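# Architecture and fold: a report
Next come the chains, spelled out residue by residue.
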Amino acid sequence: MDFSLFTMVHLQTQQIKQMGGGQMAVHIVKNQGFFALYNGLSASLLRQLTYSTTRFAIYEVVKQRMSESSGGPLPFYKRVLLAGFAGACGGFVGTPGDMINVRMQNDIKLPADQKRNYKHAIDGVIRVVKEEGIPRLFRGASTATFRAVLMTIGQLSFYDQIKGVLLSTPYFTDNLTCHFTCSLAAGAIATTMTQPVDVIKTRAMNARPGEFRGLWHIITYTAKVGPLGFFKGYIPAFVRLGPHTIITFILFEQLRKNFGILKKPVQ
């Protein structure tokens, strides 16, 4: 997973294609060793602990209570609104870990005099606070939050909606095949919805002070290479997000079904 994230960040932070993801990976391994590809793993874990747990917890807990109080399944538009709210909360609290992750991933392809050389995620957070101030930790928070809103809508609300549609047909039951199909579709939808915002977010977080005048400057700069500039790194993004979404929901459904850890939601 972290290798695909490295490839995605590499592609998103270059304006003109200089080297493909595979070529860059080979170059990095030859010069810095195989484990350099996993630079930023601690920051990735920090981001998941803050970002993913917040949005999943808010969505599932609130959805369950709203369904119980209304005595029936929530309409799709309410799930979209709930997912958007949960995503906004998760995106904001996860911004510091996200920013450190982007910087550590991008560090390995920079010249020695431009490297930030964070030892790990916590070291990165401390150094940003000391060298750039606390507000810098939330650089790109607006795009990160907006991306998280789209991501959570694409993953959670569409997963529930697709599952409901499939279960209404005679071809699917509430089993592993259904869960796999729903999560694969949700992962593809989430990747497509979030990729343009993800490119802008990555560039905002990786930018050095003064490199861009603001969010609109980043957007216009990216647009110079055409519409596809906003979809740089789409394939590695899906390679990363697709399996992540599938594994997450399959485990989630199995915990709920076999161990009774989670209540069965009203679909």
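About the thresholds
- Residues numbered from 1 in each chain as written.
- Predicted model: local features only at pLDDT ≥ 70, side-chain atom pairs only at ≥ 80, totals over all residues.
- Heavy atoms only, no water.
- UniProt positions renumbered as here; feature names shortened; annotations may be inferred.
- Axes fitted to C-alpha atoms, helices over the stretch in contact; angles between N-to-C directions.
- Helix = DSSP H or I, 4+ residues; strand = E, 2+ residues; numbered from the N terminus.
- Parallel < 35°, antiparallel > 145°, perpendicular 65-115°, else oblique.
- Contact = heavy atoms within 4.5 Å.
- Nonpolar A, V, L, I, M, F, W, Y, C, P; charged D, E, K, R; others polar.
- Patch = residues over 30% accessible without salt bridge, like charges linked within 9 Å, V, L, I, M, F, W, Y side chains within 5 Å.
- Areas by Shrake-Rupley, 256 points an atom, 1.4 Å probe, with all protein chains shown as cover.
- Salt bridge = Lys/Arg side-chain N within 4 Å of Asp/Glu carboxyl O.
- Core = buried A, V, L, I, M, F, W, Y, C linked by side-chain atoms within 4.5 Å.
- Buried < 20%, exposed > 50% of the residue type's maximum accessible area, 1.4 Å probe, protein only.
- Expected span 1.5 Å × (residues − 1).

The name given to the chain in an unreviewed UniProt entry is Mitochondrial dicarboxylate carrier, with Cherax quadricarinatus as the source organism. The UniProt entry for the chain carries the following comment under Sequence similarities (unreviewed entry): "Belongs to the mitochondrial carrier (TC 2.A.29) family." In its Subcellular location (unreviewed entry) section, the UniProt record describing the chain reads: "Membrane".

### Remarks on the packing of helix α5 (residues 95–107) against helix α8 (residues 176–206)
Across the interface, α5 lies against α8 with an axial gap of 9 Å and an inter-helix angle of 80 degrees. Taken together, the axis directions place α5 and α8 in an arrangement best described as roughly perpendicular. Residues T95, D98, M99, V102, R103 and N106 of α5 form the contact with α8, whose participating residues are K201, T202, M205 and N206. Taken together, the residues of the contact of α5 with α8 break down into three nonpolar, four polar and three charged.

### A look at a nonpolar patch on the surface
On the surface, a cluster of nonpolar side chains totalling about 190 Å² of accessible area is made up of V61, V62 and M66. By secondary structure assignment, the location of V61 is in helix α3 (residues 41–70).

### Some details on the nonpolar core
Within the largest apolar cluster, 15 residues are counted, with the highest numbers of intra-cluster contacts made by Y59, L156, Y159, L166, C182 and F249. Looking at this core element by element, the count peaks at six residues for helix α7 (residues 141–167). Leaving out residues up to four positions away in the same chain, L156 has contacts with R55, F56, Y59 and F249. The next biggest cluster of nonpolar side chains, apart from the first, holds 11 residues, and it includes M99, V102, Y118 and L137.

### Observations concerning the pattern of salt bridges
It is possible for side chains of opposite charge to pair when their charged atoms get near one another. Overall, the coordinates contain nine salt bridges when judged by the stated rule. Residues R103 and E132 are paired through a salt bridge, measuring 2.8 Å at the closest nitrogen-oxygen approach. A residue pair is termed long-range when its members are at least 10 positions apart, and R103 in helix α5 and E132 in helix α6 (residues 121–132) qualify at 29 residues. Accessibility expressed as a relative area gives 1% for R103, which makes it buried. Residues K163 and E253 are paired through a salt bridge, measuring 2.8 Å at the closest nitrogen-oxygen approach. Within this pair, whereas K163 is found in helix α7, its partner E253 is found in helix α10 (residues 234–259), the two being separated by 90 residues in sequence. Of the two residues examined, K163 and E253, each falls in the buried class. Among the charged side chains, a network of salt bridges with common partners joins E60, K63 and D160.

### Thoughts on helix α4 (residues 76–93)
The end-to-end C-alpha separation of α4 is 26 Å, in line with the 26 Å expected for 18 residues at 1.5 Å each. Every buried residue of α4 is listed here: R79, L82, A83, G84, A86, G87, G90 and G91. Summarising the contacts, the buried residues of α4 are in contact with α3, α5 and α7.

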